[in-house]
Every structure is written in structure tokens, then in C-alpha cells.
Amino acid sequence: MASSLTKDSASSGEKTFFGHPRGLATLFMTEMWERFSYYGMRALLPLYLIAPGGLDMNPATATAIYSVYVSLVYLLAMPGGWFGDRVWGPRKTVAIAGGVIMLGHLTLALPAEGTFFAGLGLVAIGSGLLKSNISTMVGHLYDGPEDPRRDGGFTIFYMGINMGAFAAPLVIGTVGESVNWHLGFALAALGMGLGVLQFLLGTRHLNERSLIVPKPLSKDERASTLRKSMIWLGIAAVFYIGTVVTGVYTLNWLLVPITIAGLVIPVMVLTRIKRDKELSEAEQSKMSGYIWFFVAAAIFWMIYDQGGSTLAIFAESSADNSVFGWDFPVSWYQSVNPVLIMALAPVFATFWLALNRRGKEPSTIVKFSSGLVLVGASFFVFLMPLTIAGDGHKAAAMWLVAIYFIQTVAELTLSPVGLSVTTKMAPAKYASQMMGVWFLAVTAGDCTTGLLSLAGVGLNGTGVVALEATLAVVAGIAIFMYRGKVKQLMGDVR
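For every chain, the first residue of the written sequence is number 1, and numbering continues from 1 along that sequence. Where local features are concerned, this predicted model is filtered to residues with pLDDT of at least 70; where side-chain atom pairs are given and counted, the filter is 80 or more; whole-chain, interface and lining totals use all residues. Just so you know, side-chain values use all the structure's heavy atoms and leave hydrogens and water out.

Q: For this particular structure, what's the right way to read the overall build of the protein?
A: Helix and strand counts for the protein stand at 17 helices and seven strands. With C-alpha atoms as the basis for the radius of gyration, the globule rule is written as 2.2 Å multiplied by the number of residues raised to the power 0.38. Computed over its C-alpha atoms, the radius of gyration of the protein comes to 23 Å, within 12% of the 23 Å expected for a compact globule of 494 residues. The C-alpha extent of the protein, read off along each of the three principal axes, is 65 × 55 × 55 Å. Counting every position in the protein, which comprises 494 residues, the buried fraction comes to 51%. Relative to all contacts within the protein whose residues are 6 or more apart in sequence, the contacts with residues 24 or more apart total 80%. Roughly 22000 Å² of accessible area belongs to the protein as shown, and the carbon and sulfur atoms make up 67% of that amount. Considering the protein, the positive charge centre built from 34 side chains and the negative charge centre built from 29 side chains are found 8 Å apart. Secondary structure elements are defined from DSSP: runs of H or I of at least 4 residues count as helices, runs of E of at least 2 residues count as strands, and each element is numbered from the N terminus. Summary of the burial criterion: residues with accessible area below 20% of their type's maximum are buried, those above 50% are exposed, and those between are partly exposed, where the area comes from a 1.4 Å probe applied to protein chains only. Residue contacts follow a heavy-atom distance rule, with two residues in contact if any of their heavy atoms lie within 4.5 Å. With residues, only the protein chains shown are counted as cover, and all accessible areas are computed by Shrake-Rupley using a 1.4 Å probe. Under the counting rule used here, the positive set is Lys and Arg, the negative set is Asp and Glu, and His together with the chain ends is not counted. Lys charges are placed at NZ, Arg charges at CZ, Asp charges at CG and Glu charges at CD.

Structure below.
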């Protein structure tokens, strides 16, 4: 990226990255390589789980494992942010997280089932540690929220995410499917290793605030936290060793508690904030309004994230994965969303701005309800290839591309708005925690998918797909119909 560095005449000859602080290049590349490793492995995961040369599992179990893994990444973003704030500081946390992720991918590359699940756990832990803290470090590069370059910096950073996500299935997916599964996972480790290396080399360009632990634990708090952690770890160890020794252990002993926790924890967190007596009446009202958005987002992500599991497994067995007679790996479908994001995000930003100038930009509530209706519509479209496959034919690849296209438009309508409304409606006391709360909506959605799969529900069945599609559309219409009530709860937030 050296060629992207330019001289900023307004900064006394200091090198910049597209007019932004030089440290943005370091964080951009770190995130790009981390997403390369994450999305590359994620594209292979459900296919490896069902492959005869992989773990040869049934589709329901594979979907459950995939959903639990994705939910864990987002669930662990909250404790990951906590570590950055109270234990290591953002910079040290990101460096350690990168090492843990790389170790996880290397563990996945070992041809053994036991080490495979250990590797998944390590990647989830590392991703959770990295996710919150690297975004915080991007913010450190600018002179507060009013810096005019700040939004542009995050936009460039977001492009790094999608560049990594786009390239990963094309490289890692191809090698994993066509050459060797474990070599594909090893490539993911190499990608993360490159990310860690350039991060360590580029740390001198980062703001010194990233070294600071904002609110370090006191000696007593550290001892108490360590004691409680060891107690819970000991309880878990005794329980699972007991299930193994008695011969009753199955994978469900691990998956079911995680999926239940992924549904219970978001409820507990929202309840704790809502019941906080220190919140003002206006803040209480906004939290009541926010719960509408949270539940809607959980429904959205429940459907959206099946693009990497339910749709991928369907494509493996029932789609004609070719274009003009040219066959391509199933994992390549996972590159459709990021390339569409990169193409359509500027279009949406320009479109909203043009409507805003005319005073016609849709409200947050309308955008949110539109996103839900669209993601529901994507699964109504999914009924077509399911019907074609049910008649004994292979569904055309373009059916799946159409589904991913609709879901991408839905994401661009809902996801940025969700991030924005989270920051706007957050009570002052919980300002730094609310982004983690938003991630819990993803956790809840994916855990719902996981629980359905563990219960034996076939998510590739036309009845279930139609039910999920209807749920999303009805939820979107409900929010729109009650927009007056929700708007009232939102107070001064548009």
C-alpha cells in the first residue's frame, strides 16, 4: 500500500493514507487480513463439516455448529472490549488477538476432529478480542467526534473489511475445496500472520492513546475477577470431564448450552440496562424504543447469516454451480456479498444524501422496516430454487446470486442505520457498551438458527423457509405500522 501514501501539504510534509493519518493504513491492512482469514475459513466451514472427506456430518448439525461459531464471535466482542478497556489496552489486545486467531487457524489445519473444535474456539476468542478494539483504535487517530475526516476514515476502514471478505473465498475457498481442506485453513493462518506482522511493524504510526488502559482494574478487582473466572472454569471442566468419563458426552452437550446462553445473555443485558434506576426518564424511553430495533435486528441476522450455512449447503447439493458452462467452487458464493457491498455502498450513501437535501430521506424506522421486508423477500425468492431442486433438477446459480443481492440491499438499508441508532439512543452511562449490545442482536439471531437446527428442524425445507420469510416481513410491517409509537419512544432521535 506504499503507493497509496501521499504527501499532505497541510501537515508539514507528514505522510498520510488517502489524506488520513498514516496509522489508518496499519489498521486497514490488519483488518483486511483478519477478515481474509475469518471469511475464508467461514466459507469452508459448513462445506468441510458435511464433506465425506471432512467431518461427514449431517446438514442440521453443520448448520448448528456454523451458527454457534458465528454467534460466539459476536458474543465475545463484549468481553473483548472489556479486556481492551480494563486489562491490556486496545493496542496490546489487538496484537494478542491476532496471535490467538493465527493459532486457531493453525489448529484447524491439523487433521483431527478434536483439534478442529479447539481451533474454532481459539478463532472465536481472538475475533471477539480484536473486533471491538481495532475500531476503537481507528477512532483514536482523529481529533474527537467533530474531526471532519472521521466518517471518511471509518468508510475506508470498512472497505478493508470487504476487500478481505471478497478475496478470501476466491483464494482460501478454492484451495480448500479443490486441493485440501486443511491447506485452506493453513492459508487462513498465513493471512492472519501477515496481518499481525504488518500491525507490529506499523504500530509506530498509531496514536499513543491505543497503549493506554482507559480504566484499569484495581488490585482487588483483578484478584476478584481472576478468582471468579477460575471458579467458573473449574465448574465447566469438572462438568465436561464428568460427561466424557461417564460416556454420555455428545457434541450437543457443548452446542446446546452455548445457544441457550446466546439467547439468555442479550435478554439479561437489556433488562439490566432497562432497570437501571440511574437512567433519566428520557433514557428509559429510548431504551424501550431500542428494544424494538434489537428484536427486529435479531430476526434480520437470523435469516441473513444463513447465507453462509443454509444457502451454502443447498448450493453444495442442489445447485448448478456454473456460469456459461464454467464450474466454480461453492465457497465463491461468499464473495458475492462483499463485492456488492463495495459497489452499492457509495450508491446508497449518495442516494440518502440526495433525498436528505430534498427533505425526503426516509426515517430510521422506515429504513429498518424496509431492511426486514427485503431480507424476508430474499427467502421468498429462495423458495424458487428449493422447488426446482425438489423436482429433481439443479437450481441455476443465478437464483442464489439473486438472493445474496437482495440480502445485500437489505443489509445496506438496515445495518448502518442500526449502528447509528445504537450510538444515538445509548444512555450516557452505557455509551461505550452499547455497540456490544448491538452485536448481541447478531448473537441472538444466530443462536436461534442454531437451536432450530439442534432441534432437528430442516432449515432447507420450503415450509421453514416460508415461515422465516413471513416472520421477517410481518416484523418489518409491524415496525412500520407502529412507527408513531416507536418514534415517540425515541424522543429527540430521528
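Here the narrative resumes, following the displayed structure.
Q: Whenever I open this one, the nonpolar core confuses me. Can you help?
A: Considering soluble globular proteins, one finds that nonpolar side chains tend to be buried as a cluster. Put simply, buried Ala, Val, Leu, Ile, Met, Phe, Trp, Tyr and Cys residues joined by side-chain atoms within 4.5 Å make one nonpolar core. Counting 98 residues, the largest nonpolar core has Y69, F116, L120, Y290, Y333 and L400 as the members making the most contacts within it. By residue number, the principal contributor to this core is helix α10 (residues 281-304), which donates 12 residues. Judged by nonpolar contacts, the second largest core, of 24 residues, contains M32, I101, I134 and Y142.

Q: Before we go on, may I ask you to explain the pattern of salt bridges in this structure?
A: Two side chains carrying opposite charge are able to pair once their charged atoms lie near each other. Here, a salt bridge means any side-chain nitrogen of Lys or Arg that lies within 4 Å of a carboxyl oxygen of Asp or Glu. Tallied over the full model, the rule gives five salt bridges. The closest approach of N and O atoms between R35 and E34, which form a salt bridge, is 2.6 Å. An identical accessibility class is assigned to R35 and E34; each is buried. Members of the salt-bridge network, linked through shared partners, are D276, E278 and K429.

Q: So what exactly am I meant to see when it comes to the side chain of T310 here?
A: Topologically, T310 is positioned in helix α11 (residues 310-318). The class for T310 is buried, based on a relative accessible area of 3%. There is a polar contact of 2.7 Å between the side chain of T310 and the side chain of Q306. Not counting residues within four places of it along the chain, the set of residues in contact with T310 comprises T63, F382, L459 and N460. Pairs of N or O atoms are called polar contacts if they sit within 3.5 Å, as long as, within protein, a hydrogen donor faces a hydrogen acceptor (for residues adjacent in sequence, only side-chain-to-side-chain pairs).

Q: Would you explain a nonpolar patch on the surface in this entry?
A: Here the term patch refers to residues with relative accessible area over 30% and no salt bridge, with like charges joined within 9 Å and nonpolar side chains (Val, Leu, Ile, Met, Phe, Trp, Tyr) within 5 Å. Together, F239, V244, V248, Y249, W253 and L254 give the surface a local cluster of nonpolar side chains, amounting to about 500 Å² of exposed area. Of all the secondary structure elements, the ones that give two or more residues to the nonpolar patch are α8 (219-245) and α9 (252-274). Relative to the helices and strands, L254 resides in helix α9.

Q: How should empty space enclosed by the protein be read in this particular structure?
A: Here the idea is plain: a probe the size of a water molecule rolls over the atoms and shows the empty space left. For each structure, a 1 Å grid was placed over the protein atoms alone; sets of points admitting a 1.4 Å probe that cannot get out are labelled cavities, open sets with protein on both sides within 12 Å along at least five of seven lines are labelled pockets, and lining residues have an atom within 4 Å of a point. Grid points are joined across faces, edges and corners, and a volume is the space filled by probe spheres set on the points. Scanning all chains against the criterion turns up one cavity of 30 Å³ or more. Quantified by volume, the largest cavity comes out at close to 40 Å³. Residue lining of the largest cavity: T30, V94, A95, G98, L130, M192, G195, V196 and F199, and that is the complete set. Elements represented by at least two residues in the lining of the largest cavity include exactly α4 (90-108) and α7 (181-202). Among the elements that line the lining of the largest cavity, the one with the most residues is α7, at four residues. Just so you know the grouping, Ala, Val, Leu, Ile, Met, Phe, Trp, Tyr, Cys and Pro go in nonpolar, Asp, Glu, Lys and Arg go in charged, and all remaining residues, Gly too, go in polar. Here the lining of the largest cavity is composed, by residue class, of six nonpolar, three polar and no charged.

Q: When you look at the packing of aromatic side chains in this model, what are you seeing that I'm missing?
A: Aromatic ring pairs are reported here in terms of the distance separating the ring centres and the angle at which the planes meet. Aromatic pairing here means that ring centres of Phe, Tyr or Trp (its six-membered ring) are within 6.5 Å. Orientation follows from the plane angle: under 30 degrees is stacked, over 60 is edge-to-face, and everything else is tilted. On inspection of all chains with the given rule, the structure shows 29 aromatic pairs. One aromatic cluster is present, built from ring pairs that chain together Y48, F116, F117, W181 and F185. One Lys or Arg, K131, reaches over the ring of F439 and ends 5.5 Å from the middle of that ring. Across from the ring centre of W352, 4.3 Å away, lies the NZ or CZ of K367, which sits over that ring. Charges are assigned to positions over rings by a cutoff of 6 Å between ring centre and Lys NZ or Arg CZ, combined with an angular limit of 35 degrees from the ring normal.

Q: What am I meant to see in the packing of α9 against helix α15 (residues 434-454) here?
A: Two measures define how a pair of helices packs: the angle their axes make with one another and the distance between the axes. The contact between α9 and α15 brings their axes to 9 Å, and the two run at 145°. As for how α9 packs across α15, the hand of that crossing is left-handed. Between α9 and α15, the residues in contact are N252, L255, V256, I258, T259, G262, L263, P266, V269, L270 and I273 and M434, V437, L440, T443, A444, C447, T448, G450, L451 and L454, respectively. Grouping the amino acids of the contact of α9 with α15 by side-chain chemistry returns 15 nonpolar, six polar and no charged. Whenever a helix is involved, its axis is fitted only over the stretch in contact; in every case the axis is a line through C-alpha atoms, and angles between N-to-C directions fall within 0 to 180 degrees. Each crossing gets its handedness from the near helix: less than a right angle anticlockwise from the far helix is left-handed, clockwise is right-handed.

Q: Would you mind going over α10 with me for this structure?
A: An α-helical segment advances 3.6 residues per turn. Residues three or four places apart therefore align on the same side. By this rule, a helix spans an expected 1.5 Å times one less than how many residues it contains. Its 24 residues give α10 an end-to-end C-alpha distance of 35 Å, which sits within 8% of 34 Å, the value for a rise of 1.5 Å per residue. When you tally the buried positions in α10, you get 17 out of 24 residues, the bulk of the element.

Q: How do you make sense of the side chain of T443 when you look at a structure like this?
A: Counting through the fold element by element, T443 comes out in helix α15. A residue is classified by how much of its surface remains accessible, and T443, at 1% relative accessible area, is buried. Ignoring anything within four residues of it in the chain, the contact list for T443 reads S71, Y74, L75 and G262.

Q: How should the packing of helix α1 (residues 23-50) against α7 be read in this particular structure?
A: In contact at an axis separation of 8 Å, α1 and α7 are set at 165° when each is read in the N-to-C sense. With respect to each other, α1 and α7 are oriented roughly antiparallel. The element α1 and its partner α7 pack so that their crossing is left-handed. The residue makeup of the contact of α1 with α7, split by class, is 16 nonpolar, nine polar and one charged. Any angle between 65 and 115 degrees counts as roughly perpendicular, while under 35 counts as roughly parallel, over 145 as roughly antiparallel, and the rest as oblique.

Q: Please clarify how helix α6 (residues 150-178) should be interpreted in this entry.
A: Across its 29 residues, α6 extends 42 Å between first and last C-alpha, which sits within 8% of the 42 Å expected from 1.5 Å per residue. Taking the largest bend as the criterion, α6 deviates by roughly 35°, centred on A168, and proline P169 comes between one and four positions later. Fitting one axis to the seven residues ending at a residue and another to the seven starting there, the bend at that residue is the angle between the two axes.

Q: Help me understand the confidence of the model for the protein, please; the structure alone is not making it clear to me.
A: Low pLDDT marks stretches whose predicted atomic positions should not be read closely. Chain-level statistics for the protein give a pLDDT mean of 90 and a share of 96% at 70 or above. Known as pLDDT, the predictor's confidence for each residue is given on a scale from 0 to 100. Here residues 1-12 is a poorly scored stretch, pLDDT under 50, and it has 19 contacts once near neighbours within four places are set aside; other chains count.

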